[in-house]
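What the coordinates show
Letter by letter, the chains look like this.
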Amino acid sequence: MRVWAGIVTAALPVVLFAEVVQFTVLPGEYWWGGTVGGGWQMPLGAGSAYVKDLRVEADGNQAAPLLLSTKGRWVWCERPFVFEFVAGRLSVEADRQDAKVETGRTGETLRSAYLHCSKTYFPPQGTPKLEWFRNPIINTWASLSYMQKQEDILELARGFKEIGVPPGVFMIDHGWHELPMGTWDFNLRFIPDPKGMADAVHAAHAHVILSVWPSVGEKTKPYAELERAGGLFLPGRSSMPRASRIHNAYLPEAREIYWRHMTRLWAIGLDGWWLDTTEPEYRMTEREMDVPIGPGTFREVRGAYPRMTVGSVAERTRKVSPDRRVFILTRSASAGQQATGAHYWSGDTKSTWETLKAQVPAALGYSLSGDPNWNCDLGGFIAKKGDAGFAERYVRFL
C-alpha cells in the first residue's frame, strides 16, 4: 500500500510530504538492510520490532536505503528513508515528493532480489585487482602513529616482505603531511623523497596508498579556494582536526578544487587512496541540520556524502590513469557507492568480544547491500592498556 501524507513539523514552518509504503511480512520471510551497525539485529521478520531513521541514523558511518527479503522482495530509494517493522508489517517512509520509494519482487530468494537491485541501481564499474582483497592491508599507524617517517615506513615494508607476508596494500596513515590538515604537501622533514618512498614500497612488492581526509585547515590554499567558491560547510564544526572545515562534496566546483590539489599526491606513483572520515565527522545542531547545502538540507543528504566524495575521487582517478584499476579504502558508504569498487571497514571499533561477535552478522548484512568489499580492524582499533585478552582476541579476529 502506498500513500502520501502531509506532515506539519514543529521545528520548521513548512509542510513536508511523505510517501509511505506499507505491506505485510510474508510467512517465513526475513529482511536485511539499512545499516552495517544494525547487522547484529538482522534478519527482521514478522515478529520483529525495529525502527531506523536513515536520514539521521547511520549507526556510525555505513548505511543504504535498500531492504532485501528472502522471498525476493526489495525496497529501494535514492534518498534516506525511515523504515519500521511492527506487528507483522513493514512500513517505509520518505519525506520528499521527489524521493520515490521503489518496491518489487524479483524471483523467490534473497539472491535474486540482490542481483536485481545491484544490476538496476548500482551496477559495478570494472573489477579491482584481486590481490588487493586477498592479501593483507597493512596500516603504518599501528607502528608509527603520528610519526610517519620515510625510513621507518620503508623498514616496515621490507620487514613484512622478509617474514613472508604476502604483498598487499601498504597504507601510509595520517601524519605524512604538513600541518594544518588539507595542505596536501608532504612533511619533507619526515618524508624527504615522496616518490622515492613510493618506489621503494613497490620494490617490496606492495601497493601504496595515502590517508586523505575531507577536512581542509584554515590558512591553506585549498581552504581559501573552497571558501571563495562557497564550497565549505559551516565553520568550527569539524570534530577532527580543529580549526578546519569539511569541503562540500555536493557542489561540483568544490569537488573539482579538492581533486586538483590531490593530483600532486597521485603524481608520486600512488596505487590508490585511503579516504578517511568520509561520514563526514561533523557536528551540527538540530537547526543546522536543516540548512541547505546543495541538493537538499544536511539532514536530507548527509547519508550521501561518502558517495559524493568517494565517487568523485574514483571517477577523476580513472580519467588521469585510464590504464590502471583504482583502489579506494574508506570507512564510510552510502547507496550507489558500490559502483566505485571501494573497500570498507567497520570503523574505529573497541577491542571486546562483543565487538568481534558483531562483525560477522554486520559483514553479512552489509554485503547484501551491494558492498561486498568489507572488513574490520583486526583485534579492534581501541584497546585498553594491559588488556590480558587482547592477544587471543587478535587471533580470533584473524
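Scroll up to find the structure.
So, a few notes on the structure that sits alongside this text.

Cut-offs used in this document
- Residues numbered from 1 in each chain as written.
- Predicted model: local features only at pLDDT ≥ 70, side-chain atom pairs only at ≥ 80, totals over all residues.
- Heavy atoms only, no water.
- Core = buried A, V, L, I, M, F, W, Y, C linked by side-chain atoms within 4.5 Å.
- Buried < 20%, exposed > 50% of the residue type's maximum accessible area, 1.4 Å probe, protein only.
- Helix = DSSP H or I, 4+ residues; strand = E, 2+ residues; numbered from the N terminus.
- 1 Å grid on protein atoms, 1.4 Å probe; cavity = no way out; pocket = protein on both sides within 12 Å on 5 of 7 lines; lining within 4 Å.
- Points joined across faces, edges and corners; volume = space filled by probe spheres on them.
- Nonpolar A, V, L, I, M, F, W, Y, C, P; charged D, E, K, R; others polar.
- Pairing = 2+ DSSP bridges.
- Axes fitted to C-alpha atoms, helices over the stretch in contact; angles between N-to-C directions.
- Contact = heavy atoms within 4.5 Å.
- Phe/Tyr/Trp six-rings, centres within 6.5 Å; stacked < 30°, edge-to-face > 60°.
- Parallel < 35°, antiparallel > 145°, perpendicular 65-115°, else oblique.

**Digging into the nonpolar core**
Among the nonpolar cores identified, the biggest contains 50 residues, and Trp176, Val212, Met262, Leu265, Trp273 and Ile328 are the most heavily contacted of them. Top contributing element to this core by residue count: helix H7 (residues 252-266), with seven residues. Core analysis: the next-biggest nonpolar cluster, separate from the first, contains 33 residues, Met42, Leu44, Leu90 and Ala94 among them.

**Overview of the layout of surface pockets**
There is about 1300 Å³ of room inside the largest pocket. Ile137, Asn139, Cys376, Asp377 and Leu378 are the residues nearest the centre of the largest pocket, which is lined by 42 residues in total. Among the residues making up the lining of the largest pocket, the classes are represented as 26 nonpolar, nine polar and seven charged.

**Considerations on the sheet that holds strand S5 (residues 63-69)**
Strand order in the open sheet made by the four strands is S3-S5-S6-S9, with antiparallel pairing throughout. Since the sheet does not close on itself, it has two edges, and those belong to strand S3 (31-35) and strand S9 (102-105), each with one partner. Geometrically, the sheet is characterised by an average inter-axis angle of 10 degrees between neighbouring strands, direction not taken into account. Looking at chain direction, S3 and S5 are connected through five bridges and run antiparallel. Counterpart to tryptophan 32 in the pairing with S5 is leucine 68. Against the sheet, helix H1 (residues 110-121) touches S3, S5, strand S6 (73-76) and S9, its axis set at about 140 degrees to S5.

**As for the packing of aromatic side chains**
This model, assessed by the stated rule, comprises 16 aromatic pairs. Seen in terms of ring centroids, tryptophan 76 and tyrosine 121 are 4.8 Å apart; in terms of plane orientation they differ by 15 degrees. Their pairing is stacked. Here tyrosine 121 lies in helix H1 and tryptophan 76 lies in strand S6, a separation of 45 residues in the sequence. The same class applies to tryptophan 76 and to tyrosine 121, which are both buried.

**What to know about the packing of helix H10 (residues 353-367) against helix H11 (residues 390-397)**
Helix packing for two helices is described by the angle between their axes and how far apart those axes are. Interhelical geometry of H10 versus H11 gives an angle of 5 degrees and a closest axis separation of 11 Å. The angle between the axes of H10 and H11 places the two elements in the roughly parallel class. Seen from H10, the contacting residues are Trp353, Thr355, Leu356 and Gln359; seen from H11, they are Glu392, Arg393, Arg396 and Phe397. Here the residues of the contact of H10 with H11 are counted per class, giving three nonpolar, two polar and three charged.

**Some remarks on the packing of helix H4 (residues 150-162) against helix H5 (residues 194-203)**
Orientation of H4 relative to H5, taken along the N-to-C sense of each, is 10 degrees, at an axis distance of 9 Å. Viewed along their axes, H4 and H5 adopt a mutual orientation that is roughly parallel. From H4, Gln150, Ile153, Leu154, Arg158 and Lys161 reach across to H5, where they touch Pro194, Met197, Ala200, Val201 and Ala203. Its residues placed into classes, the contact of H4 with H5 shows seven nonpolar, one polar and two charged.

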